[in-house]
Amino acid sequence: MSNVSESRWHTLPLAEQMANIGSEVGRAAKWQDKDPARFNGAVARALELIDLTLEDSRWHSRLPELGRFKEFFCDAVLGGHEYGTTLSSLENYLLPFMNVTARKYSLQ
């Protein structure tokens, strides 16, 4: 993992985990249809972070929601044919997590 170790990931609050996922979703959206290598890298990183979040035992009660998010993310990456999901719609879903986390770190 490049930015955060797996053990550190499991110490982050859910909002921070989702904010980090949101950063990768944003990168994927930025590079979609522009730079396949960067797009694929962001997608791989987002999936890695989603999987780490799914493995985090603290969120056991949220597994259905987190699993559904992964399903929607994969749908968006593959063109939105199943649910009509887009990366920008997922960015909008993740924006509140990103804002809360940004506010937290700007106050420190």
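Residues numbered from 1 in each chain as written. Predicted model: local features only at pLDDT ≥ 70, side-chain atom pairs only at ≥ 80, totals over all residues. Heavy atoms only, no water.

(A) View of the pattern of salt bridges. For the structure on display, the rule yields seven salt bridges. For E24, the salt bridge is made with R27, and the minimal N-O distance between the two is 2.8 Å. Placement of both E24 and R27 in helix 2 (residues 14–31) is noted, with a separation of three residues, approximately one turn of the helix. Here D35 makes a salt bridge to R38, at a shortest N to O gap of 3.8 Å. Exposure remark for D35: the relative accessible area of 22% places this residue in the partly exposed category. By relative accessible area, which is 49% here, R38 ends up partly exposed. (Salt bridge = Lys/Arg side-chain N within 4 Å of Asp/Glu carboxyl O. Helix = DSSP H or I, 4+ residues; strand = E, 2+ residues; numbered from the N terminus. Buried < 20%, exposed > 50% of the residue type's maximum accessible area, 1.4 Å probe, protein only.)

(B) Molecular detail of helix 4 (residues 63–77). Taking 1.5 Å per residue, 15 residues should reach 21 Å; helix 4 reaches 21 Å between its end C-alpha atoms and fits that length. Along helix 4, the residues classified as buried are L66, F69, F73, D75 and A76. A positive backbone phi angle near 110 degrees is found at G79, which sits one or two residues after helix 4. (Expected span 1.5 Å × (residues − 1).)

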